[in-house]
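Results of the structural survey
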Amino acid sequence: MPQELGSASQLRWYGAAKLIALARSEPGITRAAAAERLAMSSGGAADLVARLRRANLLDEAPAPASGRGRPTTVLRPHPDGPVVLAVDLRQGDWRLARASLDGIPQVIAQGRHGRAGPARVLDHIASAVAEEYRRLSGRARAVSVSVAGTVRDSRLVQFTTRGWRDVDLRALTARLPARANLPLVLGNDATLAGLAEARTGAARNAGTALHLIVLVGLGGTLVVNGEPVAGFRGAAGEYGHIPFGDPELECPCGARGCWDLTVDGRALARHLGVPAPADPIAFAHRVLRERPPGSGTALDAVATSLGRGIAGLVNVHDPAIVTLGGLAPQLRDAAPRAFDTAYRDGLMGFRKSAAPKVRDGMLGEDASLHGAAALALDRITSEAALADWARRN
C-alpha cells in the first residue's frame, strides 16, 4: 500500500480523482462534457487531461462525428495505465478478470471446482493471479474477490453450498512476490452485483436501491448513494436467512425457516416432490425450460415467496427501485401474476400507489465481476493512490 501522503500532494490529485471517477461512471464522456460537469474551464480540463496522459492514467480518442463544429474527444483509460484483478468465486467454478480504469472486466482465466477442497481451488486461482501479475509488469494494483458466501475481514466465513468454513482468502495472493504488496479486497457476490447495478446498471442514479439475486438461495444488498450497506462486521445483506420461510425447514446455515429455502431450485424440487438436487441452479433452469408436470404450481409458490419477501424488504428499506439478478428474473417471469399479487399484497397501504419498480439487472452474470472491479478501483483511484502511481511511473 502507498504511504500516507501529505495534504498538498493529495490536493493536487483531487481533481484528477474526480475526473477519473466521472469517466468511469459515464463511459464515452467527452472532455467538454466532463469539464462542464466538474465546473472546470476548457483550458483547465485540457491541462488536467494532459497531466493524466503523462501519468499513464487517462487518454483521449476522437468522439463520433455529430455534425459541424470543432471535433471533441472522449476520455478513456490509458493503455499503459493501472489495472485491477477481479476474482469471481462461484458455487461451481471461478473466473479471473482484469479491468482498467473504465471498470469493464475482461475474463482471462477460469476453472471448475469439481471435488477439490478450498486449498486446492484457491491455489489454482492464486497461480492464475500470479501469472497475470507478471504479464502486466507492475500495472496490477489490487486484487478484488467476489464470493458466493459470507465474508468478513480476509476470511470466507461460510460457503454453504461447498461446505467450506472459515477459509483464509489471503491464499489468493500467496503466489505474488513480496514486493507486489497488492491490497486484497473482498465482497459477497450479491453485494457486489448490487453495487454494480447501482452505479452503472439498472439502478443507476437511484439514491437508494435494493438488489436481490437468486442462485443457490438468495442474497442481496441495499445500496445508498452508490455505497452498499456493509454492517458492523461487513456481512450485511444475508437476506436469504431472514425467517420468511417454513420454520420446520432447517437451513445449511444453521438457522430454521430461512427465505433461502423457498425461492430456488431446492424449493422447486420440494414442491415437485422430487429429491433435493445436487445442483439447484441447473435444476431450476431445467424446470424453467422443460416445465414438467406440476411445475406451474411449484413456480407459483416460489414466485409468491419471492414477491412477498421483496415487499417486506421494501417496507423496511424504502428503496427507490428493486433490481433482480441470477435466477430471480426468470422465476418472476415464469409466474408473473403470483409474483405481482404477493408483492402488492405485502406492501404497506401507503406504498401501494407508488410501489418501487422491480426490474431485471442489466449486467447479467457478470454483475458481481463488475462490482468487484468497482470495489478495487475505488481503492486505487483515491488521491493518495493516484499520487503514488504517478510517483512510481
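Residues numbered from 1 in each chain as written. Predicted model: local features only at pLDDT ≥ 70, side-chain atom pairs only at ≥ 80, totals over all residues. Heavy atoms only, no water.

Side note on the state of the cysteines
With the rule as written, the count across this model stands at 0 disulfides. Sulfur of C251: no disulfide; nearest cysteine sulfur belongs to C253 and is 3.6 Å away. Cysteine C258 shares no disulfide, and the gap to the nearest cysteine sulfur, in C253, comes to 3.8 Å. (Disulfide = S-S within 2.5 Å.)

A closer look at the pairing of strand β12 (residues 217-224)
Of all 8 residues making up β12, 7 are buried, and the element is well covered by its neighbours. Note: strand β11 (residues 208-215) against β12, 8 bridges, orientation antiparallel. Bridging across to β12, H211 finds its partner in T221. Connecting the antiparallel pair β11 and β12 is a turn made up of 1 residue. When β12 meets strand β13 (residues 227-228), the two strands line up antiparallel, connected through 2 bridges. The residue bridging V224 from the neighbouring strand is E227, located in β13. Linking two consecutive strands that pair antiparallel, namely β12 and β13, is a turn of 2 residues; a positive phi of about 50° is found at N225 within it. (Buried < 20%, exposed > 50% of the residue type's maximum accessible area, 1.4 Å probe, protein only. Helix = DSSP H or I, 4+ residues; strand = E, 2+ residues; numbered from the N terminus. Pairing = 2+ DSSP bridges.)

Focus on the sheet that holds β12
Strands sit in the order β13-β12-β11-β14-β15 across an open sheet of 5 strands; the sheet is mixed. Pairing within the sheet leaves two strands with one partner each, and these edge strands are β13 and β15 (357-360). Where strand β14 (residues 321-326) meets β15, 4 bridges bridge the pair, whose relative direction is parallel. Paired with L324 across the strands is D360, a residue of β15. This element, helix α9 (residues 295-317), spans β11, β12 and β14 of the sheet and lies at about 155° to β11. (Contact = heavy atoms within 4.5 Å. Axes fitted to C-alpha atoms, helices over the stretch in contact; angles between N-to-C directions.)

What to know about the sheet that holds strand β8 (residues 155-159)
One open sheet accounts for 3 strands, arranged β7-β8-β9; its pairing is antiparallel. With one partner strand each, in any of the chains shown, β7 (150-152) and β9 (164-168) form the two edges of the open sheet. Each strand axis lies, on average, 15° off the axis of its neighbour in the sheet, ignoring direction. Relative to β9, β8 runs antiparallel, the two being bridged by 4 bridges.

Bear in mind that shape data such as this cannot, by itself, settle questions of function.
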